[in-house]
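# Report on the structure
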Amino acid sequence: EVFFPDADHTSPPVTFLQELPSYRSVLRQRGAGGTQDRRQNTRGSVRPPVGQTRNLAEGTGVENEALVRSIREYALNIPEKRRLRAVQKANVKYLSRWDQWKQNRNRSWKKFLDEIKELSSYLELWRHDIRSIEGKFGTGVQSYFSFLRFLVLLNFIIFILMFSFITLPSTVSTYGFFNSSYIKVLPKNIEPKCTIYTIKGTKGLVYFYSYIIDLLSGTGFLEMTSLFYGHYAIDMVQFSGIKYNVPLAYLLTTLVYLSLSLIWIVKRSVEGFKQSLIRKEDQFQSYCNKIFAGWDFCITDVNASWLKHSSLQYELKTDLEEERLKQKIAGRRTEEKLRIYCLRIFVNIIVLAVLSGFFYSIYCATKYSQENICTVSLRNNTCDGNLLVQYLPSIVITLVNFIAPLFFSNLIRFEEYSPAFEIRFTLMRCVFVRLANIGVLLFSLGTQILTCADKCKACGYNHELYPCWESRVGQEMYKLMIFDFIIIFAETVFVHFPRKLLVTYCSWKVIKWCGLQEFAIPENVLEIVYGQTICWIGAFYSPLLPAIATIKYFIVFYIKKISLMHTCRPSSRPFRASSSNFFFLVVLLIGLVLAFIPLGLSMTHINSSKACGPFINFNRIWDVVPHTIDGFPVALRKVLYGIASEAFAVPFFMVTCLIMFYFIALAGAHKRVIVQLREQLIMESRDKLFLIRKLTEAQTHS
Amino acid sequence: MGNKQTIFTDEQLDAYQDCTFFTRKEILRLHGRYHEMAPNIVPMDYTQDPDVKLPIQLIINMPELKENPFKERIVEAFSEDGEGNLSFNDFVDMFSVLSEMAPRELKAIYAFKIYDFNTDNFICKSDLEKTLNKLTREELTAEEITLVCEKVIEEADMDGDGKLAFADFENMISKAPDFLSTFHIRI
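Looking at an unreviewed UniProt entry, one finds chain B named Calcium and integrin-binding family member 2, with Pelodiscus sinensis as its source organism.

The name an unreviewed UniProt entry assigns to chain A is Transmembrane channel-like protein, from the organism Pelodiscus sinensis. Under Sequence similarities (unreviewed entry), UniProt gives the following word-for-word description of chain A: "Belongs to the TMC family." Listed in UniProt under the heading Subcellular location (unreviewed entry), the comment for chain A reads: "Membrane".

Below is the structure:
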């Protein structure tokens, strides 16, 4: 029975409506006959009604394949599906030999894939942990831990790459395994000044405590190991006839791990991007999304479900609040608008000023730290060994990372944006600060290496303070990483746990009001993206750094899990899984792009150090590539030069632009078609209602 | 594969594998779960396809469903008689549709049924109100509920009849980004 939309019509139901084709297809659901197909049949042209299954026989082999594959996607109950399957099996003999064989092959291939998937699910790291987190806290928090797992795997793969192509050949040939020999790098045509490189603190008696200092700051005995760039002084390795060019391998492995990271991240983010394309712009306002896709069906824990109920409530109330705010904004007069814009410009200027202050402090801290790590004196170079001085840049960066979000979230209140936009904008600012801090550190390090009171002419860099500047950069990245890990650990143990103990056992009102630490997902994600950017930049200067990063993230997983389960309460501000996955990967991608810049600049613009490393005989690190190409046969060389020349690059760029333009136009056309079809649908149903009304009028009058 | 289980014939397991998104192991595990809810009623031997149904009260006490505000509606949507009594086929079907691998269109069909409280093939305002109350445990005021229902109908209703038909619902779900990740139960 179909009722009219306007409530004051109480006319009896019209019978002819039940003859409409669209209604008949819905009727099956009611189970009027009891044994009929009770599920709604909306699979469209592929799925014929039950009575016509025999017609499948007339289908071609290809069509049958498609049907066999998607039988589980039909909205039928299992006995019906089995009947359909039996029919299809019976129809197999109507197919030709070739189609039968194809079908069997497809089926066994599918079974094989299923088996592989089942086996590989056992190999999945932390499968059980992440599932239990999902059950207790929902998919938003679970996406953070999946992201962490992804980073562990990524770092592990990078480590395998670096180890097998850089460290392993060097180590194997040094000890002479597998009949390998190596040719050490011999400096040619280099000023002897540039090649002096003594590692401090390794001569004579070494105190135990300086061992610890060395471990924590990468100097001393660690500087000599294969952890840092300076150790790899091998030019060529020979494995019974095969020559292995170490400098080229070093450079190419770096490029490979960067590209691999890029491809993997883009592949993972394509899913989220596809979804965000079809989404409406106003994602925060989508009531339908909150009501019909809001409840996490995975939740099994009582506390989590209570939390989910309250967060849904909070979301709906916030959205209604935003509605009211929107109406208020729409009703603003021009003078108010002017006032608000002036206020926003003013606040942004303040933000920029404060940011410059932060960046300048990092610059000064780095400068001070670099100048005081090792004092150059005429007698001998003494290294301070003071951990505070060594870690000063890291400490300053951590402080900035801590203060900046508080500062931004308090300041944005004055700008009077809508609550949803406030959250987004603050997050964007925090991302910028975190990643820019690393950039500032590297920039200040770069200026230190390159500025010298006319000492640079000989080697192109400050060879007295930085005989092996790549190792020094590697050491800074190493220190940043260690300090980051220490901070994560210390925060959980020395801040969250006491807070939990206080809240549980102390009954002061102030403490109860403060409550437990909130497990804020965006801030945690920024933390690990920051660590990953350091790893990407540092992996070139310190090939074993990815291994340290893998171990670090492995331990961080357990620290965060314990922290979540025992000391934190989940955030009352909901964080949606779909948007969060895409957001994490976008931030990670920004970090990767940021990592490209210092690496690219240092490889192509700064002279490689002449006292250590495999690139002694090259002016700059990148020069190894032209040098290798010069050794290729003439034809190949011509092709490669041709590709790198403008005659190829410009047309290639133009073709890429054209293709991109085509796809953008295509997407725009599709969007327009969707809008048109929607309008058409609305019109059609209005037509239908009109006709129904006319018909009933005609019926009642006749 | 040399399995020594006697619960299902190989042919039955193959049929289940083709008709659902589960593997053999998962189907056997599901049978174990189904059996342990009522060991006296559910036989261990399913080779003869026994006609056994479990009442709704047992199913909604499963840990996977216990905290779900829509648990009754879910079970009712998958039951043959509409009352919530599930046979093993219905049980497997339910978890198959709610698993990760089911496509969006299939899930949308059943989601529509779940949210249609009065089973009139439309999600009307009263259905929406019931859904909202279940979601927020009746903490919203009447005015807020009306506002939200109006907003939902405004967003999703395309033909202007004041309620959502399946076409409206499916169109709206295709644009809801969280649907696939939230509308799934792990078992």
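## Structural notes on the overall build of chain A
Assigned secondary structure in chain A consists of 23 helices and seven strands. Of all 702 residues assigned to chain A, the portion counted as buried reaches 44%. The long-range share in chain A, meaning contacts at least 24 apart out of those at least 6 apart in sequence, stands at 74%. Put simply, chain A shows about 38,200 Å² of open surface, and 66% of that area lies on carbon and sulfur atoms.

## Structural notes on the sheet that holds strand β2 (residues 234-239) of chain A
Either a parallel or an antiparallel arrangement is found when strands of a sheet pair, and the pairing is made through backbone hydrogen bonds. Residue and element names in this part refer to chain A. An order of β1-β2-β3 is seen for the three strands of this open sheet, with the pairing classed as antiparallel. The two strands at the open ends of the sheet, each matched to only one other strand, are β1 (180-184) and β3 (242-245). Pairs of neighbouring strands in the sheet enclose a mean axial angle of 20°, with direction left out of account. Against the sheet, helix α6 (residues 139-175) engages β1, β2 and β3, with an angle of about 70° to β2.

## Observations regarding helix α4 (residues 97-123) of chain A
Because each turn of an α-helix spans 3.6 residues, side chains separated by three or four positions in sequence point in the same direction. The end-to-end C-alpha distance of α4(A), which contains 27 residues, comes to 39 Å, matching closely the 39 Å that a straight helix rising 1.5 Å per residue would cover. Considered for burial, the residues of α4(A) that qualify are A:Asp99, A:Lys102, A:Gln103, A:Glu118 and A:Ser121.

## Section: the side chain of A:Asn401
One can find A:Asn401 in helix α14 (residues 392-411). The contact partners of A:Asn401, leaving out residues within four places of it in the chain, are A:Val433, A:Arg434, A:Asn437 and A:Tyr530.

## Focus on the UniProt feature "transmembrane region" (unreviewed entry) in chain A
On the UniProt side, "transmembrane region" (unreviewed entry) is annotated at positions that read residues 147-168, 206-228, 248-266, 341-363, 388-408, 540-559, 580-601 and 648-669 of chain A here. The span residues 341-363 of chain A is 100% helix and 0% strand, and its two end C-alpha atoms sit 33 Å from each other.

## As for the environment of A:Tyr232
Residue and element names in this part refer to chain A. Within the element layout of this structure, Tyr 232 appears in the loop between α8 (221-224) and β2. Considered as a pair, Tyr 232 and Phe 615 are 383 residues apart in the sequence and their alpha carbons are 9.3 Å apart. With sequence-adjacent residues up to four places away left out, Tyr 232 is seen in contact with Ile 166, Thr 167, Ser 170, Ser 226, Tyr 250, Pro 543, Gly 613 and Pro 614. A distance of 2.7 Å separates the side chain of Tyr 232 from the backbone oxygen of Ser 226, its partner in a polar contact.

## Focus: the pattern of salt bridges
Inspection of the entire model under this criterion finds 23 salt bridges over all chains. Between A:Glu416 and A:Arg339 there is a salt bridge, and its shortest N-O distance comes to 3.8 Å. Residue A:Glu416 is located in the loop between α14 and α15 (419-450), and its partner A:Arg339 is located in helix α12 (residues 334-373); the two are separated by 77 residues in the primary sequence. Relative accessible area serves as the criterion here: at 31%, A:Glu416 is assigned to the partly exposed category. Sharing partners across several salt bridges, the network here consists of A:Lys111, B:Asp10, B:Asp14 and B:Arg24.

## Focus on the interface of chain A and chain B
On the side of chain B, 79 residues touch chain A, which itself brings 69 residues to the contact. Interface area, chain A with chain B, both sides summed: about 6,900 Å², of which 56% is carbon and sulfur. In terms of surface lost to chain B, no three residues of chain A exceed A:Arg72, A:Phe292 and A:Phe297, which account for 13% of the buried area on that side. Where chain A touches chain B, the interface holds six salt bridges. Close ionic contact of A:Arg85 with B:Glu11 constitutes a salt bridge, the shortest N to O distance being 3.8 Å. Breaking the side of chain A that touches chain B down by element, the ones donating at least two residues are α3 (78-91), α4, α5 (127-137), α9 (246-278), α10 (287-292), α11 (302-330), α20 (577-605) and α23 (646-701) of chain A. The biggest single contributor to the side of chain A that touches chain B is α11(A), with 10 residues. Here the side of chain A that touches chain B is built from residues that sort into 29 nonpolar, 16 polar and 24 charged.

## Topic: the nonpolar core
Counting residues in hydrophobic clusters, the biggest one holds 106 residues, and the most contacted among them are A:Phe145, A:Phe147, A:Tyr257 and A:Trp536. When residues in this core are grouped by element, the largest group, 14 residues, is from α6(A). Those residues in contact with A:Trp536 that lie beyond four places of it in its chain are A:Leu154, A:Ile158, A:Tyr257, A:Ser261, A:Ile265, A:Leu588, A:Gly591, A:Leu592, A:Ala595 and A:Leu599. Counting 76 residues, the second-largest nonpolar core is a separate cluster that includes A:Phe297, B:Leu30, B:Phe95 and B:Phe112.

## A word on the domain arrangement of chain B
All names here are of chain B. Structurally, chain B comprises domain 1 (8-102) and domain 2 (104-186). Taken residue by residue, the interface counts 17 residues in domain 1 and 18 residues in domain 2. A per-residue breakdown of the area domain 1 buries against domain 2 is headed by Phe 70, Arg 73 and Leu 98, which together make up 39% of the total. Where domain 1 meets domain 2, there are two salt bridges. Linking Arg 186 and Glu 100 is a salt bridge whose minimum nitrogen-to-oxygen distance equals 3.6 Å. Counting the contacts that link domain 1 with domain 2 gives five residue pairs in polar contact (both at pLDDT 80 or more). Breaking the side of domain 1 that touches domain 2 down by element, the ones donating at least two residues are α4 (63-66), α5 (71-78) and α6 (88-97).

## Examining the state of the cysteines
Residue and element names in this part refer to chain A. Going through the model one piece at a time under the given rule, you end up with one disulfide over all chains. Covalently, Cys 468 is tied to Cys 612 through a disulfide, its sulfur atoms 1.8 Å apart. Taking the torsion about the S-S bond as the criterion, the Cys 468 to Cys 612 disulfide, at about 95°, is right-handed. In this pair, Cys 468 is assigned in the loop between α15 and α16 (469-505) and Cys 612 in the loop between α20 and α21 (624-630), connecting sequence segments 144 residues apart. No difference in accessibility class separates Cys 468 from Cys 612, as the two residues are buried.

## Points about unusual backbone geometry
Of note in the backbone geometry, A:Glu416 takes a positive phi value of approximately 55° without being a glycine. One non-glycine residue, B:Asp49, lies in positive phi territory at about 55°. When you line up the elements, B:Asp49 lands in the loop between α2 (24-37) and β1 (53-54). Overall, B:Asp49 belongs to the partly exposed group, its relative accessible area being 42%.

Thresholds applied
Residues numbered from 1 in each chain as written. Chains lettered and ligands numbered in written order. Predicted model: local features only at pLDDT ≥ 70, side-chain atom pairs only at ≥ 80, totals over all residues. Heavy atoms only, no water. UniProt positions renumbered as here; feature names shortened; annotations may be inferred. Helix = DSSP H or I, 4+ residues; strand = E, 2+ residues; numbered from the N terminus. Buried < 20%, exposed > 50% of the residue type's maximum accessible area, 1.4 Å probe, protein only. Contact = heavy atoms within 4.5 Å. Areas by Shrake-Rupley, 256 points an atom, 1.4 Å probe, with all protein chains shown as cover. Pairing = 2+ DSSP bridges. Axes fitted to C-alpha atoms, helices over the stretch in contact; angles between N-to-C directions. Expected span 1.5 Å × (residues − 1). Polar contact = N/O pair within 3.5 Å; in protein donor to acceptor, adjacent residues only side chain to side chain. Salt bridge = Lys/Arg side-chain N within 4 Å of Asp/Glu carboxyl O. Buried area = accessible area lost by both parts, 1.4 Å probe. Nonpolar A, V, L, I, M, F, W, Y, C, P; charged D, E, K, R; others polar. Core = buried A, V, L, I, M, F, W, Y, C linked by side-chain atoms within 4.5 Å. Domains from an automatic or database assignment. Disulfide = S-S within 2.5 Å.

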